[in-house]
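# Observations on chain architecture
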Amino acid sequence: MPGRFGNATFIMWAAMAATVAVICALAVRADEEQQHLTDEQIRRLGPAATARELLDIRREALGHVH
């Protein structure tokens, strides 16, 4: 009987691995859609304003409310 349960265990682990792979792929996709500053914006804003903008982007991504 161990062979029968061995196949079920393999199928269960394969399904969990596939689910994790899909979740990871969706998470990576979500990261690609994050807001960012272009090189031109960074040059135009200067160091202090760029830092403030990046901090605002980070706060927004983390759900921080002012």
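Up top you'll find the structure we're talking about.
Source: prediction; values computed, not measured.

Definitions and cut-offs
- Residues numbered from 1 in each chain as written.
- Predicted model: local features only at pLDDT ≥ 70, side-chain atom pairs only at ≥ 80, totals over all residues.
- Heavy atoms only, no water.
- Salt bridge = Lys/Arg side-chain N within 4 Å of Asp/Glu carboxyl O.
- Helix = DSSP H or I, 4+ residues; strand = E, 2+ residues; numbered from the N terminus.
- Buried < 20%, exposed > 50% of the residue type's maximum accessible area, 1.4 Å probe, protein only.

Overall, the coordinates contain two salt bridges when judged by the stated rule. Where Glu40 meets Arg43, a salt bridge forms, and the shortest distance between an N and an O atom there is 3.4 Å. Within this pair, Glu40 and its partner Arg43 are both found in helix 2 (residues 39-62), separated by three residues, close to a single helical turn. For Arg43, a relative accessible area of 60% puts it in the exposed group. Measuring nitrogen to oxygen at the nearest pair gives 4.0 Å for the salt bridge that ties Arg59 to Asp56. Of this pair, Arg59 and Asp56 both sit in helix 2, three residues apart, which is roughly one turn of the helix. When its relative accessible area of 29% is taken as the criterion, Arg59 is described as partly exposed. Asp56 sits in the partly exposed class, given a relative accessible area of 36%.

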